[in-house]
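Read off the chains here:
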Amino acid sequence: MSEIINKVAKSGIININLEDYVPKDEIINFNLKQFLHNEEILIENEFRTKVKGYNFKSLKNKVVGLYCDENIILPMWAFMLISCNLKKHNITFLHGEKKTVFNTLWLKNVKSLDASAFVNKRVIVNGCGNIKASEEIYIAITEKLFDVAKSIMFGEACSSVPIYKQ
């Protein structure tokens, strides 16, 4: 019986699974409407009182997605006041709802990837996974690899699409 040879493993191709760079932190939505009068009108004194009474410590070890419903118009100082309170408690926060914050952190992780491991290598960026990566993520990994990789492919080793070759 003949030995089965893994040609992909011997080819020197490096697989990048973008799911490896997914943020691990718990992300929560933080809607500013909870501090508004009837959840729709900002009355400054009432807003400040509610912010002062809020237990920001309950958000410790989470990433906060700071936003307000689209149909509510808020002055920018409202976001600034909440930001100061989050910062005072060393809480990580970004503007946007959970999905936006998740994508922003994922993008940051991909952009911080050390590309030195891919110098003059053939790289496949996996196309399938349990979590769908946005176009921004694929653009960022392409930008990261472009100047260093020998070639960039998309997909799986058995059926990859060539993207770039030096």
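Residues numbered from 1 in each chain as written. Predicted model: local features only at pLDDT ≥ 70, side-chain atom pairs only at ≥ 80, totals over all residues. Heavy atoms only, no water.

Quick word on the sheet that holds strand 1 (residues 13-16)
- One open sheet holds the four strands; their spatial order is 1-5-6-7, and the pairing between them is mixed. Each edge of the open sheet is held by one strand with a lone partner, namely strand 1 and strand 7 (159-165). Recorded for the sheet is a direction-independent mean angle of 30° between the axes of neighbouring strands. (Pairing = 2+ DSSP bridges. Helix = DSSP H or I, 4+ residues; strand = E, 2+ residues; numbered from the N terminus. Axes fitted to C-alpha atoms, helices over the stretch in contact; angles between N-to-C directions.)

Notes on the environment of Lys-121
- Mapped onto the secondary structure, Lys-121 falls in the loop between helix 4 (98-111) and strand 5 (122-125).
- For Lys-121, a relative accessible area of 36% gives the class partly exposed.
- In this structure the C-alpha to C-alpha distance between Lys-121 and Ala-149, which are 28 residues apart in sequence, comes to 5.1 Å.
- With residues near it in sequence (within four places) discarded, Lys-121 still touches Ile-14, Ala-149, Lys-150 and Ser-151. (Buried < 20%, exposed > 50% of the residue type's maximum accessible area, 1.4 Å probe, protein only. Contact = heavy atoms within 4.5 Å.)

Looking at the packing of aromatic side chains
- With the rule as written, the count across this model stands at ten aromatic pairs.
- Aromatic pair Phe-35 and Tyr-54: ring centres 5.5 Å apart, planes at 70°, arrangement edge-to-face. Of this pair, Phe-35 sits in the loop between strand 2 (27-31) and helix 2 (44-53) while Tyr-54 sits in the loop between helix 2 and strand 3 (63-67), placing them 19 residues apart in sequence.
- Under the relative-accessibility criterion, Phe-35 is labelled buried at 2%.
- What makes Tyr-54 partly exposed here is its relative accessible area of 25%.
- Between the aromatic rings of Phe-146 and Tyr-164, the centroid separation amounts to 4.3 Å while the plane-to-plane angle is 40°, which identifies the pairing as tilted. (Phe/Tyr/Trp six-rings, centres within 6.5 Å; stacked < 30°, edge-to-face > 60°.)

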